[in-house]
Amino acid sequence: MKRKITLKQIARELDVSISTVSKALSGSKEISEDTTQKIQAFAKLYNYKPNNIALSLKNRKTKTIGILIPEIVHHFFSTVIRGIELVANKRGYNVIVGLSNESFTKEIINMEMLANGSIDGFILSISKETLLKQDYHHFNATINQGMPIVMFDRVVNEVECDKVIVDDFNGAVKAVNKLIQNACKNIALITTMDYVSVGRLRTQGYLEALENNKIVADSNLILKIDDSLDVENHLEILENEIQKFFELNKKIDGVFAVNELYAVTAMKVAKKLGLSIPEDVQVIGFTDGVLSKHATPTLTTVSQHGQKMGEQAANLLIDRLESDNTEYDQYIVNNNPKSDFIKLVIETEIIERESTK
């Protein structure tokens, strides 16, 4: 009897990437015909079954939702999971959580594993590496085989599915407006690289707020942290970056950070440099998590309402699963651009604490 084989094993045996195997098995034109035939022949030889989606969809017996998130340590993602679980359990569904750890390859492996008859649909947030590569074939392949996906927080236009997002742009505008109203004249931005959509939108909101208040944006006051660095496990790297930033820009009297880790670190560095918060520097961070509530001083934040986002995502997916799928299936078959996919936007609010006046 032929041994069962996994996506990872095929890649290793044929000395190609997991992405190449995944694309070849889904018939992607990006892979050469020769490589595709070789991979498909090898998979057939070892009786490899990519996704037992058809059986799962036909029987609808799993009553389980797959959640795929980039990381578990962030309070935001844990609140989203809480919201998904609340709705899922109320509506008779269980959840399975998978972690991509911000890895493109792990994202593919997790989707492959969970879609193999274990779940009815996905709720997911895209990994940073996938966003950097701009390779979304695994999402489209899953959808094209009939399994619904709902994306939240980090989403892309290239994948047609239901989506739930935070109003990142206007949330940033609110935060910077708050600093301006509090008489800040030199407002710094600590953000991510632009390939992460939420960081890019928050950066755009920062620039919009400055322009609306007739303040000329100064590129020297924008610090973009390299997301490829594992700053959460090497906080000294982040601290050093922010300290150099403060030392080069001594007039900073306000800071807007696109996440709470950057904001709390900025407060730590400011105090280390002898600055008082909020007297000398006022700080606002995006995401109202545990760090914000327990920082000294406590941090003013833009709340993303993660639990509400999770509840909305779960309702969207379960509604999709329990509705008459005729129209959905017709979309998949005909690739009809006039889809009925829904995009929900969750409004933000400022939670005022001690880091602002």
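Computed from a prediction, not measured in an experiment: that's the story for all the values here.

Caption draft 1: Seen up close, the overall build of the chain. A tally of regular secondary structure across the chain gives 15 helices and 12 strands. Looking at the chain residue by residue over its 357 residues, the buried ones come to 54%. In the chain, the proportion of contacts linking residues at least 24 apart, taken out of those at least 6 apart, comes to 75%. For the chain, the accessible area works out to roughly 16900 Å², and carbon and sulfur atoms hold 49% of it.

Caption draft 2: The sheet that holds strand β3 (residues 121-124), seen in detail. Read across the open sheet, the 6 strands follow the order β2-β1-β3-β4-β5-β11; overall the sheet is parallel. Both outer strands of the open sheet, β2 (94-99) and β11 (343-346), are each paired with one neighbouring strand and no more. Taking each pair of neighbouring strands and ignoring which way they run, the sheet shows an average axis angle of 15 degrees. Against the sheet, helix α8 (residues 137-144) touches β3 and β4 (149-152), its axis set at about 145 degrees to β4.

Caption draft 3: Structural context of the environment of L124. Examined against the element boundaries, L124 turns out to sit in strand β3. Sequence separation between L124 and R154 is 30 residues, and the spatial gap between their C-alpha atoms is 8.6 Å.

Caption draft 4: Molecular detail of the nonpolar core. Ranked by internal contacts, the top residues of the largest apolar core, which has 66 residues, are I65, I123, F152, I190, F246, V255 and F256. Formed jointly, this core draws a minimum of three residues from each of two domains, domain 2 (62-166 + 306-347) and domain 3 (168-303). Here F256 is in contact with A172, A175, V176, L179, I187, A188, L189, I190, R202, Y206, I284 and F286, once residues within four sequence places are set aside.

Caption draft 5: Quick look at the packing of helix α11 (residues 235-248) against helix α12 (residues 260-272). Where α11 contacts α12, the axes come no closer than 9 Å and their chain directions differ by 60 degrees. Relative to α12, the element α11 lies oblique. You can see that α11 and α12 cross each other, and the crossing is right-handed. Listed contacts from α12 to L235, L238, E239, I242, Q243 and F246 of α11 are L261, Y262, T265, A266, K268, V269, A270 and K272. Split into classes, the residues belonging to the contact of α11 with α12 amount to 9 nonpolar, 2 polar and 3 charged.

Caption draft 6: Representation of the packing of helix α9 (residues 168-181) against helix α10 (residues 197-212) in the model. The contact between α9 and α10 brings their axes to 7 Å, and the two run at 40 degrees. Overall, the two elements α9 and α10 adopt an arrangement that is oblique. Judged by the twist between their axes, the crossing of α9 over α10 is right-handed. Together, D168, F169, A172, V173, V176, N177 and I180 of α9 and V198, L201, R202, Q204, G205, Y206, E208, A209 and L210 of α10 make up the contact between the two elements. Residue composition of the contact of α9 with α10, by class: 10 nonpolar, 3 polar and 3 charged.

Caption draft 7: Focus on helix α2 (residues 18-25). Counting buried positions along α2 gives 7 out of 8 residues, so the element sits mostly inside the fold. For α2, every residue scored as buried is listed here: I18, S19, T20, V21, S22, K23 and A24. Buried residues along α2 sit against α1 (7-14), α3 (33-45), α6 (104-114) and α8. Phi for G27, located one or two positions after α2, is positive at around 80 degrees.

Caption draft 8: Highlighting the side chain of T36. The topology assignment puts T36 in helix α3. Assessed through its relative accessible area of 12%, T36 is described here as buried. When sequence neighbours within four positions are dropped, the list of residues in contact with T36 reads A24 and I31.

Caption draft 9: Layout of the side chain of S127. The residue S127 is located in the loop between β3 and α7 (128-133) in this model. For S127, a relative accessible area of 0% corresponds to the buried category. A distance of 2.8 Å separates polar atoms of two side chains, one belonging to S127 and the other to T130. Setting aside chain neighbours within four positions, we find S127 in contact with S100, E102, S103, F104, E107 and R154.

What counts, and where the lines are drawn
- Starting afresh in each chain, residues are numbered from 1 along the sequence in its written order.
- Selection of residues for local features in this predicted model requires a pLDDT of at least 70, selection of side-chain atom pairs for listing and counting requires 80 or more, and totals for whole chains, interfaces and linings are taken over all residues.
- Where side-chain values are given, they derive from all heavy atoms of the structure, hydrogens and water being excluded.
- Numbering goes from the N terminus for both helices and strands, where a helix is a DSSP run of H or I of at least four residues and a strand is a run of E of at least two.
- Buried means the residue's accessible area, taken with a 1.4 Å probe over protein chains only, is under 20% of the maximum for its type, while exposed means over 50%, and partly exposed covers the values in between.
- Residues are treated as being in contact if the distance between any of their heavy atoms lies within 4.5 Å.
- The method behind every accessible area is Shrake-Rupley, applied with a 1.4 Å probe, and residues are considered shielded solely by the protein chains displayed.
- Strand pairing is defined by DSSP finding a minimum of two bridges between the two strands.
- To get an axis, fit a line to the C-alpha atoms, keeping to the stretch in contact for a helix; angles then go from 0 to 180 degrees between the N-to-C directions.
- Here, nonpolar core refers to any group of buried Ala, Val, Leu, Ile, Met, Phe, Trp, Tyr and Cys residues whose side-chain atoms link them within 4.5 Å.
- For the domain bounds, the source is a domain assignment made automatically or taken from a database.
- Orientation is classified from the angle alone, with under 35 degrees giving roughly parallel, over 145 giving roughly antiparallel, 65 to 115 giving roughly perpendicular, and any other angle giving oblique.
- Note: crossing handedness is left-handed where the near helix turns anticlockwise from the far helix by less than a right angle, and right-handed where it turns clockwise.
- Basically, the charged four are Asp, Glu, Lys and Arg, the nonpolar ten are Ala, Val, Leu, Ile, Met, Phe, Trp, Tyr, Cys and Pro, and anything else, Gly included, counts as polar.
- Counted as a polar contact is a pair of N or O atoms within 3.5 Å, where, for protein atoms, one must be capable of donating a hydrogen and the other of accepting one, and residues adjacent in sequence contribute only when both atoms are in side chains.

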